[in-house]
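# Overview (structure and organization)
Single-letter residue listing:
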Amino acid sequence: MIVVAGLTPAWQQILRFDSFRLGEVNRAAEAQWCASGKVLNVGIAATLLGSPCRTICPVGGPARAAFERECGELNMAVDWIAASEPTRVCTTLLDDATAETTELVENARPLNAAELRAYVEAYGRAAAQADVAVLTGSLPANVPTDFYRELAALTPGRMIVDARGPELLSLLDGARKPTIVKPNREELAKTSGTPLDDDESLVAAMRSLNARGAEWVVVSGGPQAVWATTRDEVRRLTPPRVERVVNPIGCGDCLAAGIADALDRGCEVVEALRFGIAAAVDNLTTLVPARIDRSRAARWAPTIGVERW
């Protein structure tokens, strides 16, 4: 079983435009609303890939009923942690004419001490039954930077951590080390405080996280290659070209979900990375993030190149 944890869900509006002009009145050709944010994207994608999965998610305000209804329709197992503050609303603008994507992101609202305690207790119960845990997303401003370190201490199975900055470094300083750390290239640059202008500097920054205890470090960069390092090896995985990208939002979350699914099914890490990339590629073809399909992802997986570097 997979357990997915994170504190920053979002009620997401997606607006698609034939052509978008900044500073003018723009009428959307299509509009969608959906449950999203990293924690729910990973949980939804893992569920749709067919893995037994439980997601632990805070929720509050008027969107709660919509969250519960949609996740119920997706047959997700979710432990909802009641929050006194309303869940944030974020908006994606898709411009068909330029293929550009614009994100309008509201910061997550704070969680109080009682809500955080309830969250940790729910996570501990679920993690005790899970073989793979995914800890994902930034932390609300009032949450201690060692929050993921606290969750890691309750995690007996393998961990995939999609975080950056102080919360990631605090986790790596703890006794319980992750199997995979998965920042994107921009997040790794901010975490390391180093510009990653070439492959050598990228690999050096990745290996600095290996030296701090991450068994694998996996770094994505949009349509570019995905890099993976351990203390002893470097792999470069090349995704296929997608003819028509519908919406790139959520690809990193689907990458994490695909890796978790494959690990939960007993795959070795490199094969799990290939399936994770395939899940991310499939996400590019869907309007609503994380609504992927296992059979389509399985067709993408053999097209992903893997080479030692």
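To keep things clear, this report deals only with the structure shown in the data block. (Residues numbered from 1 in each chain as written. Predicted model: local features only at pLDDT ≥ 70, side-chain atom pairs only at ≥ 80, totals over all residues. Heavy atoms only, no water.)

Among the secondary structure elements, I292 is positioned in the loop between helix 9 (269-284) and helix 10 (294-300). For I292, a relative accessible area of 5% puts it in the buried group. Each C-alpha atom of the pair I292 and L22 lies 31 Å from the other, and the pair is 270 residues apart in sequence. In this structure I292 touches A45, L48, L49, C254, A279, D282 and N283, once residues within four positions along its chain are discounted. (Helix = DSSP H or I, 4+ residues; strand = E, 2+ residues; numbered from the N terminus. Buried < 20%, exposed > 50% of the residue type's maximum accessible area, 1.4 Å probe, protein only. Contact = heavy atoms within 4.5 Å.)

For strand 12 (residues 226-229) and strand 13 (residues 234-238), the ladder comprises 4 bridges, and the chain directions are antiparallel. Note on strand 13: the bridge partner recorded for W227 is R236. Hairpin connection between strand 12 and strand 13: a loop of 4 residues separates the two successive antiparallel strands. Examined bridge by bridge, strand 13 and strand 14 (residues 305-308) share 4 bridges and lie antiparallel to one another. Bridging from a neighbouring strand, R236 pairs with E307 of strand 14. (Pairing = 2+ DSSP bridges.)

Two numbers describe how helix 6 (residues 185-192) lies on helix 7 (residues 199-211): the axes approach to 10 Å, and their chain directions differ by 65°. In terms of orientation, helix 6 and helix 7 fall into the roughly perpendicular class. Here helix 6 runs over helix 7; the crossing is left-handed. Residues R185, L188 and S192 of helix 6 form the contact with helix 7, whose participating residues are D199, L202, A205, M206 and L209. (Axes fitted to C-alpha atoms, helices over the stretch in contact; angles between N-to-C directions. Parallel < 35°, antiparallel > 145°, perpendicular 65-115°, else oblique. Left-handed = near helix turned anticlockwise from the far one by under 90°.)

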